[in-house]
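# Report on the structure
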Amino acid sequence: MKLAILKMRSDNSKIKEIFKDLSFSEEQIKMIESVFYHVKFKKGDTILKANDRVDHQYYILEGCLRSYHIDKLGKEHTIQFGIKDWWISDYTAFFSASKAIMTIEVIQNAIMYRISNEDKEKLYLKIPKIETFFRKKLERAFAAFQKRILSNLSQTATERYLNFIETYPNIEKSIKNYHIASYLGITTESLSRIRKDLSQN
């Protein structure tokens, strides 16, 4: 995989897109540009594999990615789809300095900005409102994952599918059925039955 890595070009609009509702001085903008890197990946690329060292998280400008875990029996369990304006990484490894337990693959050509944990910590010290920004992102992400755990424990497969459509309204036709089934914890045959039943209602 040939990876093009470029520093973020001087473009306030991109910074405003990443850090919505925040304003920065020219000096702060230069600091941010110095630690964010512009990266492009093609469909089918793998940006992280299980047991890799995890140093970066990614802001998705365009495209779609999938993070998944492979169990001891070789079965894939899709944890997250990453779409425009989302962040993605193996956060268990990213925050604990441990090896990756996830694999992240590109399922639609992607343009992203990446930042290392070390550089992010430096930004926290120099621009405290960025730390607040990421803390709020993590709070919302934690709430979403907790909601998903409860969904998997208490909802029917049909209800989980409807939640998936609500969470990812524009990607269903662009990703493989087994990816969706893996995310929902069902077989592709069950997914087909659910769609058929819903179409008849």
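Use the structure listed above.
Here's a quick rundown of the structure. Small disclaimer: the values here were computed from a predicted structure and weren't measured.

The rules we used
- Residues numbered from 1 in each chain as written.
- Predicted model: local features only at pLDDT ≥ 70, side-chain atom pairs only at ≥ 80, totals over all residues.
- Heavy atoms only, no water.
- 1 Å grid on protein atoms, 1.4 Å probe; cavity = no way out; pocket = protein on both sides within 12 Å on 5 of 7 lines; lining within 4 Å.
- Points joined across faces, edges and corners; volume = space filled by probe spheres on them.
- Helix = DSSP H or I, 4+ residues; strand = E, 2+ residues; numbered from the N terminus.
- Axes fitted to C-alpha atoms, helices over the stretch in contact; angles between N-to-C directions.
- Parallel < 35°, antiparallel > 145°, perpendicular 65-115°, else oblique.
- Contact = heavy atoms within 4.5 Å.
- Nonpolar A, V, L, I, M, F, W, Y, C, P; charged D, E, K, R; others polar.
- Pairing = 2+ DSSP bridges.

Another aspect to go through is the layout of surface pockets. If you add up the space inside the largest pocket, you get close to 1,100 Å³. Lining the largest pocket are 37 residues; nearest its centre among them are Trp86, Arg140, Ala141, Ala144 and Phe145. Those elements that place two or more of their residues in the lining of the largest pocket are strand E4 (56-70), strand E5 (76-82), helix H3 (91-96), helix H5 (128-154), helix H6 (157-167) and helix H7 (177-184). Take the lining of the largest pocket: its biggest share by element is 14 residues, from H5.

Take the packing of helix H4 (residues 117-126) against H5 next. Running from N to C, H4 and H5 point in directions that differ by 120°, and their axes come no closer than 5 Å. Judged by the inter-axis angle, H4 sits oblique to H5. Within the contact between the two elements, H4 uses Lys120, Leu123, Tyr124, Leu125 and Lys126 and H5 uses Pro128, Ile130, Glu131 and Phe134. In terms of residue class, the contact of H4 with H5 is made up of six nonpolar, no polar and three charged.

Relative to E5, E4 runs antiparallel, the two being bridged by six bridges. Residue pairing in the sheet places isoleucine 70 in a bridge with glutamate 76 of E5. Remark: five residues form the turn of the hairpin made by E4 and E5, two consecutive strands paired antiparallel; glycine 74 in that turn has positive phi of roughly 85°.

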